[in-house]
Amino acid sequence: MVKFHKISVEQEDLQLKNVLQAGQAFRWIWEDKNDWYMTSMFITGYDKYGIIVLRQKDDGNFIEFGFQHPTWEFQKVEDHLKQYFRLEVDLTSHQDLWKATDPNFKDIPPQGIRILSQEPWETLISFICSSNNNISRITKMCHNLASHFGDDIGTFDDTTFYSFPTSEQLVERATEERLRELGFGYRAKYIIETAKLMLNDRETFNCTTDQDVLIQFAKISNYEKVREMLMRFTGVGPKVADCVCLMGLHLDEVVPVDVHVARFANRDYHIAASKTEIAEIRATYNKLNLPITKKKINPELDFIRTKLIEKWGPFAGWAQGILFSKEVGSVVGATTSGDIKKKKRTFKNEDNDLKSESLAKRALNAPKVEA
DNA sequence: TGGATCCCTTACCT
DNA sequence: AAGGTAAGGGATC
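Model, not experiment: these values are computed from the prediction.

Describing the overall build of chain A
From N to C terminus, chain A includes 17 helices and nine strands. In chain A, buried positions account for 54% of the 371 residues. When the accessible surface of chain A is split by element, carbon and sulfur atoms take 49% of a total near 17400 Å².

So this is what it looks like as structure tokens:
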């Protein structure tokens, strides 16, 4: 069918099942008959998307990849995948360091949970879809975007694959009404408006692709400014912007703080901002002249973010990824037939500390639970 | 005193 | 229910 090539990597450095369907990437399809993962992917230097197949044995010290594309060269694909999985980052040595300095890492075995480096535009749109949402539905939405508004790039293993639509394609081919019909809900408007602004940004920043615009944000700016630029897009608040920074622009120390991270930050690290500290955060963003950040920021969650970075260092985002997986416990993903299949449980669920949970909810401005 | 800003709710799709 | 964000009103300065 396809020729497979090996990339050597230990199980503890990368486990496909823990990174491809755990809430970072939403367009990998797991095919249980062959036990492989498939998706369409864009590789820099080629104008068309191609199809990638990955598999990993439970005991081997390698992953295998195959591909389908008219002109892709094997070496370029391998280089791209190494970049996609950030294999130059020595995960286990970082985890050893966290284990030595953070008691919460003590009982966590290496499980190959890595942060991916994904196509930035797709990352932006995917995480706009993620608000108030679960993995299984986010997955469906992302596949819907590709199959309705992307290009047909061919069939593999009885499955048709599509490119992820560019801003231009979304503006030309999609409408808010159509997206609502497809089940995007209130996010329909966010996606259309974001695509329009991105198309506009291509002119403004003299770029030919969405990816180039977002990469340029990261090149010309520090983190605070990148986030400010990202939060110009409708539907993008601090959490979504941080996800794009971490998983789309490989800013490895960025810690996206969602309800789960806020929960364990309170419960396991006793992180809670004082009034003074909250005032300091506000003052900081005032001084930095970041009007959108100032408007959208939640100082309590931002406090958690900075404390966890202090704790974990330059790869804090990766540490967050590990604890996040532990906190969430199990994940779901789509198979070729569109059925939802429960993934093998990797961790036991922890008992919830109700007090910490209510603190986390309060930090997120969620309605208070009646006592 | 009119605005800016802060703070808190509520609505949002399925 | 769930990996947030936008919008709007009342209070404060």
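Details of the protein's contact with DNA strand B
What surrounds DNA strand B is a group of nine residues, the closest being Arg137, Arg180, Tyr186, Arg187 and Arg282. Here a base oxygen of DNA strand B sits 2.5 Å away from a polar atom, N or O, in the side chain of arginine 137. Each residue belonging to the surface near DNA strand B can be placed in one class, and the counts come to one nonpolar, three polar and five charged.

Section: the packing of helix H12 (residues 259-269) against helix H16 (residues 316-328)
Packed helices, taken two at a time, are described by their axes: the angle between them and the distance between them. Running from amino to carboxyl end, H12 crosses H16 at an angle of 95°, the nearest separation of the two axes being 10 Å. Regarding the angle of H12 to H16, the classification is roughly perpendicular. Residues His260, Val261, Arg263, Phe264, Arg267 and Tyr269 of H12 touch H16, and the partners they reach there are Gln320, Leu323, Phe324, Glu327 and Val328.

Here's the deal with a negative patch on the surface
Residues Glu10, Glu12, Asp90 and Asp96 make up a contiguous surface patch of negative charge. Here glutamate 10 lies in the loop between strand S1 (5-8) and helix H1 (16-19).

A short note on the environment of glycine 154
Structurally, the position occupied by glycine 154 is in strand S6 (residues 152-156). Note: C-alpha distance between glycine 154 and isoleucine 135 (19 residues apart in sequence) is 26 Å. If we skip the residues at most four places from it in the chain, glycine 154 touches Ile51, Thr159, Thr160 and Phe161.

Let's talk about the pattern of salt bridges
Summed over the entire model, instances satisfying the criterion amount to 19 salt bridges. With a shortest N-O distance of 2.8 Å, aspartate 252 and arginine 86 are connected by a salt bridge. On the criterion of sequence distance, the pair formed by aspartate 252 in the loop between helix H11 (238-248) and H12 and arginine 86 in the loop between helix H2 (74-84) and helix H3 (91-101) is long-range, its members being 166 residues apart. The pair aspartate 252 / arginine 86 is uniform in exposure class, with both members buried. Here aspartate 268 makes a salt bridge to arginine 267, at a shortest N to O gap of 2.8 Å. Take aspartate 268: its relative accessible area is 30%, and that puts it in the partly exposed class. One continuous salt-bridge network, built from bridges that share partners, spans Arg263, Arg267, Asp268 and Glu327.

Considering the protein's contact with DNA strand C
Taken together, 22 residues surround DNA strand C, and among them Ala22, Gly23, Asn132, Gly235 and His260 come closest. Within the contact set of DNA strand C, a base oxygen lies 2.2 Å away from a backbone nitrogen or oxygen of alanine 22. Contacts to DNA strand C include glycine 23, whose backbone N or O atom sits 3.3 Å from a base oxygen. Here the surface near DNA strand C takes three residues from H11, the largest share from any one element. Looking at the surface near DNA strand C residue by residue, the class counts come to nine nonpolar, nine polar and four charged.

Some thoughts on the layout of surface pockets
Considering only enclosed or pocket space, the largest pocket measures out at about 1200 Å³ in volume. Lining the largest pocket we find 49 residues, and of these Ser130, Ser131, Lys239, Asp258 and Val259 sit closest to its centre. Of the residues contributing to the lining of the largest pocket, the split by class is 24 nonpolar, 18 polar and seven charged.

A closer look at the sheet that holds strand S4 (residues 50-55)
Judged by pairing direction, the sheet is antiparallel, and its five strands sit side by side in the order S1-S5-S4-S3-S2 without closing on themselves. Unpaired on one side and paired on the other, S1 and strand S2 (29-31) mark the two borders of the sheet. Ignoring strand direction, the axes of neighbouring strands in this sheet form an average angle of 30°. Pairing geometry for S4 and strand S5 (residues 62-68), over five bridges, is antiparallel. Within the sheet, the bridge partner assigned to valine 53 lies in S5 and is glycine 66.

What about the packing of aromatic side chains?
Inspection of the entire model under this criterion finds 16 aromatic pairs. Taking 5.4 Å as the distance between ring centres and 75° as the angle between the ring planes, the aromatic pair formed by phenylalanine 205 and phenylalanine 217 counts as edge-to-face. In this pair, phenylalanine 205 is assigned in the loop between helix H8 (187-204) and helix H9 (210-220) and phenylalanine 217 in helix H9, connecting sequence segments twelve residues apart. The pair phenylalanine 205 / phenylalanine 217 is uniform in exposure class, with both members buried. Among the aromatic residues, ring-to-ring pairing joins Trp98, Phe105, Phe264, Tyr269 and Trp312 into one connected group.

So, the environment of serine 130
With respect to the secondary-structure elements, serine 130 resides in the loop between helix H4 (120-129) and helix H5 (135-149). Between the C-alpha atom of serine 130 and that of valine 240, which follows or precedes it by 110 residues, the distance is 8.2 Å. Those residues in contact with serine 130 that sit more than four places away from it in its chain are Ile138 and Lys239. Within the structure, serine 130 has its side chain in polar contact with the backbone oxygen of phenylalanine 127 (distance 2.7 Å).

Some details on the packing of helix H10 (residues 223-230) against H11
Remark: H10 packs on H11, axes separated minimally by 9 Å, with the N-to-C direction vectors making an angle of 120°. The orientation of H10 with respect to H11, classified from their angle, is oblique. In this structure, the crossing between H10 and H11 has a hand that is right-handed. Within the contact between the two elements, H10 uses Tyr223, Val226, Arg227 and Leu230 and H11 uses Ala241, Asp242, Val244 and Cys245.

Rules used throughout
- Residues numbered from 1 in each chain as written.
- Chains lettered and ligands numbered in written order.
- Predicted model: local features only at pLDDT ≥ 70, side-chain atom pairs only at ≥ 80, totals over all residues.
- Heavy atoms only, no water.
- Helix = DSSP H or I, 4+ residues; strand = E, 2+ residues; numbered from the N terminus.
- Buried < 20%, exposed > 50% of the residue type's maximum accessible area, 1.4 Å probe, protein only.
- Areas by Shrake-Rupley, 256 points an atom, 1.4 Å probe, with all protein chains shown as cover.
- Near = heavy atom within 4 Å.
- Polar contact = N/O pair within 3.5 Å; in protein donor to acceptor, adjacent residues only side chain to side chain.
- Nonpolar A, V, L, I, M, F, W, Y, C, P; charged D, E, K, R; others polar.
- Axes fitted to C-alpha atoms, helices over the stretch in contact; angles between N-to-C directions.
- Parallel < 35°, antiparallel > 145°, perpendicular 65-115°, else oblique.
- Contact = heavy atoms within 4.5 Å.
- Patch = residues over 30% accessible without salt bridge, like charges linked within 9 Å, V, L, I, M, F, W, Y side chains within 5 Å.
- Salt bridge = Lys/Arg side-chain N within 4 Å of Asp/Glu carboxyl O.
- Lys, Arg positive; Asp, Glu negative; His and termini not counted.
- Charge placed at Lys NZ, Arg CZ, Asp CG, Glu CD.
- 1 Å grid on protein atoms, 1.4 Å probe; cavity = no way out; pocket = protein on both sides within 12 Å on 5 of 7 lines; lining within 4 Å.
- Points joined across faces, edges and corners; volume = space filled by probe spheres on them.
- Pairing = 2+ DSSP bridges.
- Phe/Tyr/Trp six-rings, centres within 6.5 Å; stacked < 30°, edge-to-face > 60°.
- Left-handed = near helix turned anticlockwise from the far one by under 90°.

Fair warning: the whole summary comes from geometry, so function is off the table for now.
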